[in-house]
Amino acid sequence: MNIETITAQQAKKFIMQGAQLLDIRGMDEYAHEHIAQASLLSLPDIEKGGKPQAVNEEDVVIFHCQSGRRTAENAALLAGAATPAKVYLLEGGINGWKQQGLAIVKGKNQPLPIMRQVQIAAGSIILAGTILGYVISPLFFLLSGFVGAGLLFAGISGFCGMATLLVKMPWNQPK
């Protein structure tokens, strides 16, 4: 199935004519920043059978993510969820929207998205383990190896223990 990709300017015109703009990113990403006219319908929700608000053949539904990669990779799933509406993908996602100088809503006091927190934490632990391994004891290299194994497991299984832990941290709790 080939779904047309549209520019931010084209999407803006469709939205002004009543199109639905749906953000498929996670709740944390949406809370951090989103396009004002976008509603959240995360990819995991769509995978579980979630659908846009009532749609018919005359409706237009535009999906977007951060960069356009997730929407492109899941185009068939998104089209199926919005059937029978006409479906488009936003070129470049929210990043493409911002590059065109179009407005977004930034969440005040929102933490970084969870996956960025995971990258920062994992990178910091690996770097610390490497430095401590050279300076103090080679046993600290095991710390880097442990985090690397955790990242490998997360990539293979889709379950990230560090993300699960970070979600429970106080700074990531709703206020």
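For clarity, every value in this text was computed on a predicted model and none was experimentally measured. (Residues numbered from 1 in each chain as written. Predicted model: local features only at pLDDT ≥ 70, side-chain atom pairs only at ≥ 80, totals over all residues. Heavy atoms only, no water.)

Here we look at the overall build of the chain
When helices and strands are counted, the chain shows nine helices and seven strands. The C-alpha atoms of the chain give 20 Å as radius of gyration, which overshoots the globular expectation for 175 residues (16 Å, by more than 25%). The burial tally for the chain puts 36% of its 175 residues in the buried class. Contacts in the chain between residues at least 24 apart in sequence constitute 69% of all its contacts with a sequence separation of at least 6. When the 14 positive and 12 negative side-chain charges of the chain are each reduced to one mean point, those points stand 9 Å apart. (Helix = DSSP H or I, 4+ residues; strand = E, 2+ residues; numbered from the N terminus. Rg over C-alpha atoms; globule rule 2.2 N^0.38 Å. Buried < 20%, exposed > 50% of the residue type's maximum accessible area, 1.4 Å probe, protein only. Contact = heavy atoms within 4.5 Å. Lys, Arg positive; Asp, Glu negative; His and termini not counted. Charge placed at Lys NZ, Arg CZ, Asp CG, Glu CD.)

Structural notes on the pairing of strand β5 (residues 60-64)
Summarising burial for β5: five of the five residues are buried, a large majority. Because side chains alternate across β5, one face comprises the buried residues Val60, Ile62 and His64, and the other comprises Val61 and Phe63, equally buried. Examined bridge by bridge, strand β2 (residues 20-23) and β5 share four bridges and lie parallel to one another. Looking across to β5, one finds that Leu22 is bridged to Phe63. Note: β5 against strand β6 (residues 86-90), four bridges, orientation parallel. Within β6, the residue paired with Val61 across the bridge is Val87. (Pairing = 2+ DSSP bridges.)

Comments concerning the environment of Ile104
The topology assignment puts Ile104 in the loop between α6 (93-99) and β7 (105-106). Residues Ile104 and Lys48, 56 residues apart in the sequence, show an inter-C-alpha distance of 28 Å. Excluding anything up to four places from it in sequence, Ile104 contacts Glu33, His34, Ile35, Ile94, Trp97 and Lys98.

Overview of the nonpolar core
Counting residues in each nonpolar core, the largest one holds 17 residues, and the members touching the most others are Ile3, Ile24, Ile46, Val61, Phe63, Leu78 and Leu89. Residue assignment for this core shows that the elements contributing at least two residues are α3 (43-47), β5, α5 (75-81) and β6. Top element by residues in this core is α5. It accounts for four residues. In this structure, Ala11, Ile15, Tyr88 and Trp97 belong to the second largest nonpolar core, which totals 15 residues. (Core = buried A, V, L, I, M, F, W, Y, C linked by side-chain atoms within 4.5 Å.)

Regarding the UniProt feature "transmembrane region" (unreviewed entry) in the chain
Mapped onto the present numbering, the UniProt feature "transmembrane region" (unreviewed entry) falls at residues 118-136 and 142-167. Each end of residues 142-167 is marked by a C-alpha atom, and these two atoms are 25 Å apart; helix forms 88% of the span and strand 0%. (UniProt positions renumbered as here; feature names shortened; annotations may be inferred.)

With respect to helix α8 (residues 141-157)
Between its terminal C-alpha atoms α8 stretches 24 Å, which fits the 24 Å expected from 17 residues at 1.5 Å a residue. Buried within α8 we find Ser144, Val147 and Ala154. The arc enclosing the buried residues of α8, seen along the axis, measures out at 85°, which places them on a common side. Residues of α8 that are exposed and point more than 90 degrees away from the buried face comprise Leu142, Phe146, Leu152 and Ile156. Taken together, the buried residues of α8 touch α7 (114-135). Of the residues flanking the end of α8, it is Gly158, one or two places downstream, whose phi is positive at about 85°. (Expected span 1.5 Å × (residues − 1). Arc of directions from axis to C-beta.)

Quick look at the side chain of Ser42
Structurally, Ser42 is set in the loop between β4 (38-40) and α3. Residue Ser42 is classed as buried on the basis of its relative accessible area of 9%. Among residues more than four places away in sequence, those in contact with Ser42 are Asp23, Ile24 and Arg25.

Examining the packing of aromatic side chains
One pass over the structure, following the stated rule, counts two aromatic pairs. Here Phe14 and Tyr88 contribute two aromatic rings whose centre-to-centre distance is 4.9 Å and whose plane-to-plane angle is 25°, an arrangement assigned as stacked. Taken together, the residues span a long stretch of sequence, with Phe14 in helix α1 (residues 8-16) and Tyr88 in strand β6 at a distance of 74 residues. Taking 5.1 Å as the distance between ring centres and 85° as the angle between the ring planes, the aromatic pair formed by Tyr134 and Phe141 counts as edge-to-face. We classify Tyr134 as exposed; its relative accessible area is 68%. (Phe/Tyr/Trp six-rings, centres within 6.5 Å; stacked < 30°, edge-to-face > 60°.)

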